[in-house]
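Next come the chains, spelled out residue by residue.
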Amino acid sequence: MNNHNVKIGNDILQVEIAPMGAELQSVKLNGKERLWQGDPKFWTGRAPILFPVCGSLKNKEYTFNGKKYGINQHGFARRKMFEVVSVTETSAAFALKSDEETKAVYPFDFTLTACYEVVGEKLRVTYKIHNDGKAEMWAFIGSHEAYAIEKPLDSYDIVFDKDEKFLSRVVVEGGLVSDECDDFGSGKVLAVNDELFKRSTAVFVGINSRKITLRECGKPFVSVEFDASNLLIWQMPGANYICLEPWTNYPDETTADGNILHKPCVTLIGGGKTYENTHEIEFFD
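Worth saying up front: this structure is predicted, and the values here are computed from it rather than measured.

Engineer: Is there a simple way to explain the nonpolar core in this structure?
Structural biologist: Within soluble globular proteins, side chains that are nonpolar generally end up buried alongside one another. In terms of nonpolar packing, the biggest core is built from 78 residues, with F51, Y106, L112, Y116, I233 and L244 touching the most fellow members. The element contributing the most residues to this core is strand β9 (residues 110–119), with five residues. Excluding its chain neighbours within four sequence positions, the residues that come into contact with F51 are H74, G75, F76, A77, Y106, F110, L112, I129, A139, F140 and I141. W36, W43, A239 and Y241 belong to the second largest nonpolar core, which has seven residues in total.

Engineer: Help me out: how do you make sense of the packing of aromatic side chains in this one?
Structural biologist: For any pair of aromatic rings, geometry is given as the distance between the ring centres together with the angle between the planes. Counted according to the given criterion, the structure contains 23 aromatic pairs. Plain terms: the ring middles of F51 and F76 are 6.0 Å apart, the flat faces sit at 90 degrees to each other, and that makes the pair edge-to-face. You can see F51 sitting in the loop between β4 (32–33) and β5 (61–64) and its partner F76 sitting in the loop between β6 (67–70) and β7 (83–87), a full 25 residues away along the chain. Overall, the relative accessible area of 0% leaves F51 in the buried class. Given the relative accessible area of 10%, F76 is considered buried. Taken together through their ring pairs, the aromatic side chains of F51, Y62, F64, Y69, F76, Y106, F108, F110, W138 and F140 make up a single cluster. The ring centre of F221 lies 4.0 Å from the NZ or CZ of R34, which sits over that ring.

Engineer: Teacher, can you tell me more about the sheet that holds strand β1 (residues 6–9) here?
Structural biologist: The pairing of strands in a sheet comes from backbone hydrogen bonds and takes either a parallel or an antiparallel form. The four strands are arranged β1-β2-β3-β4 in an open sheet whose pairing can be described as antiparallel. The open sheet terminates on both sides in strands that have one partner only, identified here as β1 and β4. Here six bridges tie strand β2 (residues 13–18) to strand β3 (residues 23–29), and the two strands are oriented antiparallel to one another. The partner of A18 across the bridge, within β3, is E23.

Engineer: It is not clear to me how empty space enclosed by the protein should be interpreted in this structure. Could you clarify?
Structural biologist: Over the atoms, a rolled probe matching the size of one water molecule traces out where space is still vacant. Under the defined criterion, the tally for this structure stands at one cavity of 30 Å³ or more. Computed from the structure, the largest cavity encloses a volume of approximately 30 Å³. If you trace the largest cavity, you find it lined by S168, R169, D182, F184, L196, R199, T201 and A202. In terms of residue class, the lining of the largest cavity is built from three nonpolar, two polar and three charged.

Engineer: In this structure, what is going on with the pairing of strand β17 (residues 219–226)? I would like to understand it.
Structural biologist: Bridge count for strand β16 (residues 211–216) against β17 is six bridges, and the pairing is antiparallel. Paired with R215 across the strands is P220, a residue of β17. Taking the residues between adjacent antiparallel strands as the criterion, β16 and β17 are bridged by two residues, where C217 takes a positive phi near 50 degrees. Sheet topology places β17 next to strand β21 (residues 274–283); five bridges connect them, and they run antiparallel. Pairing of V222 across the sheet is with F283, part of β21.

Engineer: Please explain the environment of K32 as it appears in this structure.
Structural biologist: As for its placement among the helices and strands, K32 is situated in strand β4. Its relative accessible area of 45% is what places K32 among the partly exposed residues. In the structure, K32 is positioned 235 residues away from T267 in sequence and 37 Å away in space, judged by C-alpha atoms.

Engineer: How do you make sense of the pattern of salt bridges when you look at a structure like this?
Structural biologist: Should the charged atoms of two oppositely charged side chains come close, the side chains can pair. Scanning the entire structure with this criterion turns up 17 salt bridges. Among the ionic pairs, E100 bridges to K103, the shortest N-O distance being 3.8 Å. Of this pair, E100 and K103 both sit in helix α1 (residues 100–103), three residues apart, which is roughly one turn of that helix. Notably, a salt bridge pairs E280 with R124, separated by 2.8 Å at the nearest N-O pair. Of this pair, E280 sits in strand β21 while R124 sits in strand β10 (residues 122–131); the two residues are 156 residues apart in sequence, bridging distant segments of the chain. E280 sits in the buried class, given a relative accessible area of 15%. For R124, a relative accessible area of 30% translates into the label partly exposed. Where salt bridges share partners, they join E117, K122, R124 and E280 into one cluster.

Engineer: Help me out: how do you make sense of unusual backbone geometry in this one?
Structural biologist: Note: most residues except glycine have negative phi, and most peptide bonds are trans. Here the amide bond leading from F51 into P52 is cis, since omega sits at 0 degrees, within 30 degrees of zero. In this structure, P52 sits in the loop between β4 and β5. Although it is not a glycine, N59 sits at a positive phi angle of roughly 60 degrees. Checked against the element boundaries, N59 lands in the loop between β4 and β5. A residue is classified by how much of its surface remains accessible, and N59, at 62% relative accessible area, is exposed. The residue C265 is not glycine, and still its phi comes out positive at about 70 degrees. Residue placement: C265 occurs in the loop between β19 (241–247) and β20 (267–269).

Conventions we followed
- Just so you know, the residues in each chain are numbered from 1, in the order the chain's sequence is written.
- In keeping with the model being predicted, local features are shown solely for residues with a pLDDT of at least 70 and side-chain atom pairs are shown and tallied solely at 80 or more, while totals for entire chains, interfaces and linings include all residues.
- Calculation of side-chain values draws on the structure's entire complement of heavy atoms; hydrogens and water are dropped beforehand.
- Grouping buried Ala, Val, Leu, Ile, Met, Phe, Trp, Tyr and Cys residues that are joined through side-chain atoms within 4.5 Å yields what is termed a nonpolar core.
- Think of it in three bands: with a 1.4 Å probe and only protein chains considered, a residue is buried below 20% of the maximum accessible area for its type, exposed above 50%, and partly exposed in between.
- Working definition: helices are DSSP H or I runs of at least four residues, strands are E runs of at least two. Numbering for both runs from the N terminus.
- Here, two residues are considered to be in contact whenever any of their heavy atoms come within 4.5 Å of each other.
- For Phe, Tyr and Trp, rings pair up if their centres lie within 6.5 Å, where Trp contributes its six-membered ring, and each pair is then called stacked (planes under 30 degrees apart), edge-to-face (over 60) or tilted (otherwise).
- Consider the ring centre and the ring normal. A charge sits over the ring if Lys NZ or Arg CZ is within 6 Å of that centre and within 35 degrees of that normal.
- Two strands are counted as paired when DSSP detects at least two bridges linking them.
- We place a 1 Å grid over just the protein atoms. Points where a 1.4 Å probe fits but has no way out form a cavity, open points with protein on both sides within 12 Å along at least 5 of 7 lines form a pocket, and any residue with an atom within 4 Å of a point lines it.
- Grid points are joined across faces, edges and corners, and a volume is the space filled by probe spheres set on the points.
- In this classification, the charged set is Asp, Glu, Lys and Arg, the nonpolar set is Ala, Val, Leu, Ile, Met, Phe, Trp, Tyr, Cys and Pro, and all remaining amino acids, among them Gly, are polar.
- Any carboxyl oxygen of Asp or Glu that lies within 4 Å of a side-chain nitrogen of Lys or Arg is treated as forming a salt bridge with it.

Keep in mind that these numbers describe shape and distance, not what the molecule does.
Here is the structure:
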């Protein structure tokens with residue numbers, strides 16, 4: 001198995017991906033790094049893939065077909081070595097297949113493929129979840145890219161492509177969300193400031209938009225177009241990054257009954273079928 005980082009790109013955008021977790025390690029636009037580089041003082045991650053769950057489950061466990069399973073926050077994909085299955089000058093694909101370790105917490109035969117493709121100033125990321133078994137399986141998936149910033153936090157805002165009510169679900173102990181919300185206003189523009197991150201993470205559930213643009217001093221900095229209805233925005237205080245995270249699910253409610261099939265937004269994949277989820281990131285000078 002090739003454990004070396006894979007490099008793809010063009011004259012504009014250069015991308016590096018590690019087989020461990022199929023995680024982005026570097027994204028350079030015209031030679032300038034645009035991805036957080038994992039300072040251990042704050043957070044060693046850069047852009048982990050969240051699978052088969054995003055966020056926390058109540059008591060770090062769930063039930064399926066009457067059996068209880070334990071699974072950690074964000075699942076296991078980010079801690080697993082992927083196989084490099086294809087590389088071209090501008091694209092690469094990585095695959096993770098189920099094994100005895102994964103089946104102990106997620107009882108399915110599956111293949112998760114992460115595909116990266118550079119097109120101009122854009123990076124297209126496609127996740128393919130293939131059900132290698134015959135019985136229906138459930139899954140969730142999300143992205144967690146951290147974009148490097150240099151200016152004060154209040155130099156940034158986020159433009160949504162549809163009108164939104166910016167009601168962020170309050171994260172409580174255990175990483176769960178309560179019924180309480182923080183109200184950050186409404187419209188298409190969300191201010192980025194310390195108040196947004198007062199609970200570390202802003203959790204916007206069931207949003208209308210499928211494209212957002214992070215602006216720096218009023219100018220586009222990075223935009224993300226995605227196939228998900230939930231968006232999380234996160235920064236550790238003092239760190240020079242902003243995470244924009246489209247998820248197909250969100251952390252468990254404090255009232256969750258543990259049955260994974262009762263979890264909102266669950267994706268069900270039939271035997272032999274494949275579910276695809278794509279997000280496209282555009283970088284601006």
